[in-house]
Amino acid sequence: MSGPFLGLNARQYGLSESLSRDIEILDAALGAVLEDQEGPEFVAQARQLVADPSAPLPEAPERILRLARAYTVVFQLINVAEQKEIVRINRVRRAEGRNESISEAIGWLKQQGKTAEEVETLLQEIWICPTLTAHPTEARRRAVLDKILRVALELAEEDAGEGCNLKDPLDATGRHTDRIRLALTQLWQTDEMRTTSLTVREEVRNALYFFERTIFEVVPWLYDDLARALRKHYPEKDWTIPNLIAYRSWVGGDRDGNPKVTPEVTWQTLLDHRQAILENHINALDRLRMQLTNSSRLVPVSERFEQVLAADIQETKVSTWIQERYAQERYVLKIHTMLARLRSMHTDLEELRKGHPHESLIGYSSAEAFADDLRLMMESFRENQGELAAEFGELPLLLRRVEVYGFHLATLDIRQHSEEHERAVSALLAAAGVTPAYSELSEADRVALLTQELANPRPLVPADFTTDDRVRNVLDVFDVIKRAKRLLSKDSIQAYVISMTHGISDILEVLLLAKEAGLVHVQPDGSLRSEIDSVPLFETVGDLERGGALMAELYAQPIYRSHLSSRGGCQEVMLGYSDSSKDGGYLAANWALYSAQSELAKASSEAGIKLRLFHGRGGTVGRGGGRANRAILSQPPGSFQGQVRFTEQGEVISFRYALRPIAHRHLEQIVNAVIIASARDAVSDPPEFHEAMRTISADARDAYRKMVYDDSDFWSFYSQATPIEFISLLTIASRPVFRPGKMLGGMSQLRAIPWNFAWVQSRHVLVGWYGMGTGLQGYANKPLLADMHSRWPFFRTVMDNAQLELVRAHLPTSRMYSARVQPVALGTRMQGDIEAEYGRSVESILELSGSQELLDSAKTVRATVEFRNPMVLPLNRMQVALMDRWADLPEDEQDGVWREAVLQTIAGLAAAMQSTG
């Protein structure tokens, strides 16, 4: 057998024995595959480029492409080995009492003296809502993900040993290695990059993949964890676990800047959701039918169960043969009636796709009716010596899935830019003869007019109102919402998110459009009854700073208060992490977000409104990434009331949800944090901490904006010193990198995701720290800063996240990118400024933490970065060389292998850095 590919030795970097062994196994398997597929010379060249940073790069783009692919696969395998190690560590910790688990949180409540009744009340207030988005930050195809997952599963099987393996032949020696090599061969022979951009429907299918593969199975595990923890710490109570978790999605509903998300696409997405959950329920019932073969000759069923079954048999017209075949297996017979109802609904759904809606005669009227049938079975088991069937196995798991996912799977959010609503409202008001120039009105006049129209029950325009396509697309979305609520489920769509909310009118405009579609109803007393939430999204630093005052003013509007009253008295507000960071830099954005949460909480509390914050976090630290549980625990006092939403984006989705145990760990940490945050007493931050942060963040923001916005040469530097031009060529999403109608030409047109993505690729990674050093060094009261780091969770979390980004930054590599900038003096000057700020940031953090090196308290994380660095460098070198050659190529040569090679280096660096945008 041939040798390893790169001869990786993770032990010398201090990584664990088990992880190092897994990496060696994968390195050896890849070496065998690549030597077979590409030859010994190829493997030797790849090794040389890692061992010698000055080794010459190949000239031919075809060779660069294949080497970049090889390094990409290496990092994909290292990533999956690290995920397996995370699972292993957490399984080992089970016996010791795993930290940040649900059991730990319930035990903490017990230690705090909480009674069972207090815990029950607390749990009823909790609501956790991860929200999947299709933001373009996943560089891998699903076909690639599948093959990497196969490698992970085989690696885990091999690690488990063969002694009790019940699926392989008696002599299974070497079979796992063979399967790993097979998967790697198929991976090598599979195109890494898509040839065309994803369609929205493909993005929807990708999201459904993670539901079907992981989320369906894992969420019930959490409820089981909670039930076990409650029985352990509060055995005196008979617990009924409320629904704590619900999933939502933006995929197919987020139309902000994406013209491909049409009303028809949104409608088809909702049908896809319903089809996926119906098929999941049908499959689960089929499994249940094989389990619940209990004979009524041996153990009876309850009298109520028998009565309901008799009516169901008649209503669903179960065949005589089935009745006779399962005469003694009453639960199986009941499942046949339930399957008949679900299959009827599935048939109705197919008719609905064809545009022929009709209501099933035997289908369930609601998910609750389906859940009632499952509860009926559980009650019968409990009455007849079947407690275990009611507590464990497929029956309680299916019930929990029905309670969580209903018949809608994941509630779909609608999101659109505020400018589009203004345009649509202007058209409606002009057509109705109300005002010909709504857009020219002041904010106060707009609010007065919108309030007046919201209280008026008459529609503005007739149903056959004609307008331009842009306005029609906005109006038709509201018709889709109405249709979904009537024909599918009231939970199909609940929230309408308004991007770039600047004023009250932006929020009221959505309500007026909803009223026109019949989703907001004027009551006889002039109040409103609404079927949808109007959710402002505050994205820029300025909008975050004004958010609390804006909401206080909105709450003072009686008509809006009536809308909120009909929505349960709860206002959801979304906070934009990506755009605020792009606008003001890392430290200023974090402080603006923290302050906004405090002010929003204060305004809502004073108005008697329950606040639910929706955190629009991205994958990187510069976009609000980092550990979600720590973010929850470091929220401002009084801002958290048990309900939380947060986005799961791009590569974060595949990292957290590709493997079920990883998803389990991710979600249990969130539940742990939410329980603790909900129960602990709110202690106000010391005023001097806030005063210090106002000064520090203002100085940090000034430093950031001085470089990014005030320097007229910055865009020239950025567009040459990063691969931003080539990121726009990636086929990883339906959503464009630049806003529609814009061209590559400036910061205002660039989205926050590619802004981050490009800096990660060039190893500057400055979005997670730039400006911070200036802010911290300029603050004179160093003892106060040390006190803030010691006692203030928010400040410590911000500093810890910045440490990670400073470690991930690699200045020698970043100099290669800056060196290609023309004129040379510009690249030298900008790189010098970046390195000076880097030095200030490192020095300040080490002084604050009292550490000798960055990530001193997370040495494994630092070791992982250092282990990767020698392998990352060849990818960076190849990317820079390709970009240098690109400009000299004739246009007809830029497509094909040259383009593919550049994009492959981008994908490889995304895998290496475990981060895109």
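Procedures and definitions
- Residues numbered from 1 in each chain as written.
- Predicted model: local features only at pLDDT ≥ 70, side-chain atom pairs only at ≥ 80, totals over all residues.
- Heavy atoms only, no water.
- Helix = DSSP H or I, 4+ residues; strand = E, 2+ residues; numbered from the N terminus.
- Rg over C-alpha atoms; globule rule 2.2 N^0.38 Å.
- Buried < 20%, exposed > 50% of the residue type's maximum accessible area, 1.4 Å probe, protein only.
- Contact = heavy atoms within 4.5 Å.
- Areas by Shrake-Rupley, 256 points an atom, 1.4 Å probe, with all protein chains shown as cover.
- Core = buried A, V, L, I, M, F, W, Y, C linked by side-chain atoms within 4.5 Å.
- Pairing = 2+ DSSP bridges.
- Axes fitted to C-alpha atoms, helices over the stretch in contact; angles between N-to-C directions.
- Parallel < 35°, antiparallel > 145°, perpendicular 65-115°, else oblique.
- Left-handed = near helix turned anticlockwise from the far one by under 90°.
- Nonpolar A, V, L, I, M, F, W, Y, C, P; charged D, E, K, R; others polar.
- Phe/Tyr/Trp six-rings, centres within 6.5 Å; stacked < 30°, edge-to-face > 60°.
- Lys NZ or Arg CZ within 6 Å of the ring centre and 35° of its normal.
- pLDDT = per-residue confidence, 0-100.
- Salt bridge = Lys/Arg side-chain N within 4 Å of Asp/Glu carboxyl O.

**Structural notes on the overall build of the protein chain**
Summing up its helical and strand segments, the protein chain has 37 helices and 11 strands in all. The C-alpha radius of gyration computed for the protein chain amounts to 29 Å, which stays within 12% of the reference 29 Å derived for 917 residues, consistent with globular compactness. The principal-axis extent of the C-alpha atoms belonging to the protein chain is close to 85 × 80 × 65 Å. When the 917 residues of the protein chain are sorted by exposure, 60% land in the buried category. At a minimum sequence separation of 6, the contacts of the protein chain that also span at least 24 residues come to 82%. Total accessible area computed for the protein chain in this model is approximately 35900 Å², and 49% of it derives from carbon and sulfur atoms.

**Section: the nonpolar core**
Counting residues in hydrophobic clusters, the biggest one holds 191 residues, and the most contacted among them are L184, Y247, F714, W755 and M772. In terms of residue count, helix α8 (residues 200–233) provides more of this core than any other element does, 16 residues in total. Setting aside its immediate chain neighbours within four residues, M772 contacts Y586, L587, A700, M799, A802, L806, E837, S841 and I845. By size, the runner-up hydrophobic cluster in this structure holds 103 residues, among which are V301, V425, L428 and A517.

**Things to note about the side chain of E420**
With respect to the secondary-structure elements, E420 resides in helix α16 (residues 418–431). For E420, the contacting residues outside a window of four places in its chain are R470 and V474.

**Notes on the sheet that holds strand β9 (residues 570–576)**
With respect to topology, nine strands assemble into an open sheet ordered β3-β2-β1-β11-β10-β9-β8-β5-β4, the strand pairing being parallel. Looking at which strands have only one partner, the edges of the open sheet turn out to be β3 (411–412) and β4 (414–417). The sheet contact formed by β4 and strand β5 (residues 495–499) spans four bridges and is parallel. Within β5, the position partnered with Q416 by the bridge is I498. Taken strand by strand, helix α20 (residues 541–555) contacts β8 (533–538) and β9, and its axis lies near 150° from that of β8.

**Considering the environment of V480**
For V480, the location among the structural elements is in helix α18 (residues 469–487). Linking V480 and L428, residues 52 residues apart in sequence, is a C-alpha distance of 18 Å. Each residue touching V480, except ones within four places of it in the same chain, is listed here: P263, T266, W267 and L270.

**Observations regarding the packing of helix α27 (residues 687–708) against helix α32 (residues 782–791)**
Relative to each other, α27 and α32 sit at 110°, their axes nearing to 11 Å. If you check the angle between α27 and α32, you find them roughly perpendicular. Of the two elements, α27 crosses α32, and the hand of that crossing is left-handed. Residues E688, F689, A692, M693 and I696 of α27 form the contact with α32, whose participating residues are L784, L785, D787, M788 and R791. Its residues assigned to classes, the contact of α27 with α32 comprises seven nonpolar, no polar and three charged.

**As for the pairing of β5**
The buried fraction of β5 amounts to five of the five residues, a majority that puts the element mostly inside the structure. Along β5, one buried face is formed by A495, V497 and S499 and the opposite face, lined by Y496 and I498, is buried too.

**A word on the pairing of β8**
For β8, a buried count of six out of six residues is recorded, marking the element as mostly surrounded by other parts of the structure. Residues D533, V535 and L537 of β8 are buried on one face, and the alternating residues S534, P536 and F538, pointing to the opposite face, are buried as well. Relative to β8, β5 is paired through four bridges, and the arrangement is parallel. Considered in β8, the bridge of A495 is made with D533. Bridge count for β8 against β9 is two bridges, and the pairing is parallel. Within β9, the position partnered with F538 by the bridge is L575.

**Digging into the packing of aromatic side chains**
Counted under the stated rule, the structure contains 34 aromatic pairs. Where W769 meets Y770, the ring centres are 5.9 Å apart and the plane angle is 45°; that geometry is what we call tilted. Members of the aromatic cluster, each reached through a chain of ring pairs, are W591, Y594, F689, W792, F794 and F795. Over the ring of W239 we find K237; its NZ or CZ atom is 5.4 Å from the centre of that ring.

**A few points about the confidence of the model for the protein chain**
When pLDDT is averaged along the protein chain, the result is 90; 94% of the residues meet or exceed 70. Per-residue pLDDT stays below 50 along residues 737–743; that stretch engages in 20 contacts with residues further than four places along the chain or on separate chains.

**Considerations on unusual backbone geometry**
Peptide bonds are, in most cases, trans, and in most cases residues other than glycine have a negative phi. Residue P823 is reached from Q822 by a cis peptide bond, and omega for that bond is -5°. On the secondary structure map, P823 appears in the loop between α34 (811–818) and α35 (824–849). Residue E100 is not a glycine yet carries a positive backbone phi of 60°. Positionally, E100 belongs in the loop between α3 (61–96) and α4 (102–111). With relative accessibility at 15%, the residue E100 sits in the buried group. Of note in this structure, L855 is not a glycine but carries a positive phi near 55°.

**A short note on the packing of helix α1 (residues 17–38) against helix α2 (residues 40–51)**
One can describe the packing of α1 onto α2 by two numbers: an axis separation of 6 Å at closest approach and a directional angle of 125°. Put simply, α1 runs oblique to α2. Contacts between α1 and α2 pair G31, L34, E35 and E38 from the former with P40, F42 and V43 from the latter. Grouping the constituent residues of the contact of α1 with α2 by class yields four nonpolar, one polar and two charged.

**What about the pattern of salt bridges?**
Applying the stated criterion across every chain yields a total of 62 salt bridges. In this structure, the salt-bridge partner of D286 is R289, at a minimum N-O distance of 3.2 Å. Separated by three residues within a single helix, D286 and R289 lie in helix α9 (residues 263–291), roughly one turn from each other. The class of D286 is partly exposed, set by a relative accessible area of 23%. Between E531 and R486 there is a salt bridge; the shortest N-O distance is 2.9 Å. Of this pair, E531 sits in the loop between β7 (528–530) and β8 while R486 sits in helix α18, and the two are 45 residues apart along the sequence. Given the relative accessible area of 15%, E531 is considered buried.

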